[in-house]
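Listed below, chain by chain, are the residues.
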Amino acid sequence: GDSVTQMEGPVTLSEEAFLTINCTYTATGYPSLFWYVQYPGEGLQLLLKATKADDKGSNKGFEATYRKETTSFHLEKGSVQVSDSAVYFCALDDRGSTLGRLYFGRGTQLTVWP
Amino acid sequence: DAGVIQSPRHEVTEMGQEVTLRCKPISGHDYLFWYRQTMMRGLELLIYFNNNVPIDDSGMPEDRFSAKMPNASFSTLKIQPSEPRDSAVYFCASSLRLGSSNQPQHFGDGTRLSIL
């Protein structure tokens, strides 16, 4: 079945450090891939997405490239800020076979220290 | 534009009581999802609807949980009777399907439920 595996947290970084959060997926079809972010006390917000192989999603300095050959969608940011502290979720939507549902990873807690 | 609206934001009640969580999806969205989030189990999909019809309720933990969507602008998740292990943050989300593509889900701010 469809599933998403992302690296366990928590991740703790100093401000301006480089961030990578790994995400790999298993899907029966041709999924769209997403990263959502959850700030404390809030719901999940879409951070970026990619709908086909080799697409790169980007937003707020974050990037992720859809790699079909490695079934991965790793999240990266070159220089993190304290305000990036949040929980990050990788997700997939297997279009056509799941009729609308997303499959989420477990989430990765990121804490950035000044 | 108004996002997904959930109420109440916080609920504290004693075990055995009935709890009703409410959700108003974004106008025009045809999918509605209920999730539960806990430290131990992460984010779990409980049930989702398409055009007010339940599509998959396999995530509903027990018969104590029920969900309804009487119209396109309102859904409820009910727990009766409630138990301490139901304590969690419950999220509602909605989305729109365009052709063969599902647009991203939009989440409400959640209801933090504590069962004493």
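These notes cover the structure that comes with them. If you're wondering where the values come from, they're calculated on a predicted model, not measured in any experiment.

Bringing the interface of chain A and chain B into the picture now. With 20 residues of chain A in contact, the opposing surface of chain B contributes 24 residues. Both faces considered, chain A and chain B share a buried interface measuring about 1,700 Å² in area, 50% of it formed by carbon and sulfur atoms. Scanning the region where chain A abuts chain B turns up one salt bridge. For the salt bridge of Asp56 of chain B with Arg101 of chain A, the shortest nitrogen-to-oxygen distance reads 3.9 Å. Taken together, the connections running from chain A to chain B amount to four residue pairs in polar contact (both at pLDDT 80 or more). Its residues placed into classes, the side of chain A that touches chain B shows eight nonpolar, six polar and six charged.

Residue and element names in this part refer to chain A. What the four strands build is an open sheet, ordered β3-β9-β8-β7; its pairing is antiparallel. Taken across any chain shown, the strands that pair with only one partner, and hence form the sheet edges, are β3 (19-21) and β7 (56-59). With strand direction ignored, the average angle separating the axes of adjacent strands in the sheet is 15°. Both β3 and strand β9 (residues 75-77) contribute to a ladder of three bridges, which runs antiparallel. Its bridge partner lying in β9, Leu19 is registered against Lys77.

The next point concerns the pattern of salt bridges. By the definition in use, this model includes 13 salt bridges over all chains. For Glu63 of chain A, the salt bridge goes to Lys56 of chain A, with nearest N and O atoms at 3.6 Å. We note a salt bridge from Glu44 of chain B to Arg36 of chain B, for which the minimum N-O separation is 3.1 Å. The class for Glu44 of chain B is buried, based on a relative accessible area of 15%. A single network of salt bridges, built from pairs that share partners, joins Glu62, Arg64, Glu83, Arg85 and Asp86 of chain B.

The rules behind these values
- Residues numbered from 1 in each chain as written.
- Chains lettered and ligands numbered in written order.
- Predicted model: local features only at pLDDT ≥ 70, side-chain atom pairs only at ≥ 80, totals over all residues.
- Heavy atoms only, no water.
- Contact = heavy atoms within 4.5 Å.
- Buried area = accessible area lost by both parts, 1.4 Å probe.
- Salt bridge = Lys/Arg side-chain N within 4 Å of Asp/Glu carboxyl O.
- Polar contact = N/O pair within 3.5 Å; in protein donor to acceptor, adjacent residues only side chain to side chain.
- Nonpolar A, V, L, I, M, F, W, Y, C, P; charged D, E, K, R; others polar.
- Pairing = 2+ DSSP bridges.
- Helix = DSSP H or I, 4+ residues; strand = E, 2+ residues; numbered from the N terminus.
- Axes fitted to C-alpha atoms, helices over the stretch in contact; angles between N-to-C directions.
- Buried < 20%, exposed > 50% of the residue type's maximum accessible area, 1.4 Å probe, protein only.

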